[in-house]
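Remarks on the overall topology
Here is how the chains run, residue by residue.
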Amino acid sequence: KKFRAAMSTNGSFDANVMGLTACRAAYEGGREWLCELKKYIWNNIEFADDYIRKNIQQIKMKKPEGTYLLWLDMSGLGMSAEDLDAFIIEKAGLWLDGGSMFGEEGNSFQRINAACRRETLRHALEQLKNAVYSL
């Protein structure tokens, strides 16, 4: 019960029959797909890093070491965690993971998912850039 409660707190325990079937298929015959997917995601990570460095200097990105979620250090915007969450939703029109859910150290961070179509990522970064420029 404690394990399930902890997993549901961060949304990690959403397994269903379709997901389990897809997972099994991936393990049994998905090596080529996985290799291509990993390259695609890594290229998205590189794209996001380059885009942020060139276009949104107030934000610093931490490249992930084992996931596709990018930690964005937004301390340069000088906002509280609550104001940052509101800014991301109301001004940027994005739904990111606020870093405060991981403890006080995460208050100035947001996480963005790089495991998506490049165009989706580009659009989200453009929305973020436009919101920052509007400050």
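Okay, so let's go over this structure. (Residues numbered from 1 in each chain as written. Predicted model: local features only at pLDDT ≥ 70, side-chain atom pairs only at ≥ 80, totals over all residues. Heavy atoms only, no water.)

When its secondary structure is counted, the chain shows five helices and four strands. Counting the 135 residues in the chain, one finds 30% classified as buried. Contacts in the chain between residues at least 24 apart in sequence constitute 56% of all its contacts with a sequence separation of at least 6. Here the chain displays about 9,300 Å² of accessible surface, and carbon together with sulfur accounts for 54% of that area. (Helix = DSSP H or I, 4+ residues; strand = E, 2+ residues; numbered from the N terminus. Buried < 20%, exposed > 50% of the residue type's maximum accessible area, 1.4 Å probe, protein only. Contact = heavy atoms within 4.5 Å. Areas by Shrake-Rupley, 256 points an atom, 1.4 Å probe, with all protein chains shown as cover.)

The next point concerns the side chain of asparagine 44. Of note, asparagine 44 is situated in helix H3 (residues 31-55). By relative accessible area, asparagine 44 is classed as buried at 0%. Reaching out from asparagine 44, the side chain makes a polar contact with the backbone oxygen of alanine 114 at a distance of 3.0 Å. Setting aside its immediate chain neighbours within four residues, asparagine 44 contacts Ala114, Cys116, Arg117, Arg118 and Leu121. (Polar contact = N/O pair within 3.5 Å; in protein donor to acceptor, adjacent residues only side chain to side chain.)

Glancing now at the packing of aromatic side chains. Evaluation of the coordinates by the stated rule reveals three aromatic pairs. Plain terms: the ring middles of phenylalanine 47 and tyrosine 51 are 6.0 Å apart, the flat faces sit at 40° to each other, and that makes the pair tilted. One end of the pair, phenylalanine 47, and the other, tyrosine 51, are both in helix H3, four residues apart, so they sit about a helical turn from each other. On the accessibility criterion, tyrosine 51 (10% relative accessible area) is buried. (Phe/Tyr/Trp six-rings, centres within 6.5 Å; stacked < 30°, edge-to-face > 60°.)

Moving on to the packing of H3 against helix H5 (residues 118-133). Look at H3 against H5: their axes get within 11 Å of each other, and the N-to-C directions meet at 20°. Of the possible angle classes, the one that applies to H3 and H5 is roughly parallel. Between H3 and H5 lies a crossing of right-handed hand. Contacts between H3 and H5 involve Tyr40, Asn43, Asn44, Phe47, Ala48, Tyr51, Ile52 and Asn55 from the former and Arg118, Leu121, Arg122, Leu125, Glu126, Lys129 and Tyr133 from the latter. Partitioned by chemical class, the residues of the contact of H3 with H5 number eight nonpolar, three polar and four charged. (Axes fitted to C-alpha atoms, helices over the stretch in contact; angles between N-to-C directions. Parallel < 35°, antiparallel > 145°, perpendicular 65-115°, else oblique. Left-handed = near helix turned anticlockwise from the far one by under 90°. Nonpolar A, V, L, I, M, F, W, Y, C, P; charged D, E, K, R; others polar.)

The term disulfide refers to a covalent linkage connecting the sulfur atoms of a pair of cysteines. Overall, the coordinates contain zero disulfides when judged by the stated rule. Cysteine 23 forms no disulfide, and the closest cysteine sulfur to it belongs to cysteine 35, at a distance of 16 Å. (Disulfide = S-S within 2.5 Å.)

Within the open sheet, the four strands sit side by side as E1-E2-E4-E3. Their pairing is antiparallel. In the strand order of this sheet, the two ends are held by strand E1 (60-62) and strand E3 (97-98), each with one partner. Relative to the sheet, H3 contacts E1 and strand E2 (69-73), its axis offset from that of E1 by approximately 160°. (Pairing = 2+ DSSP bridges.)

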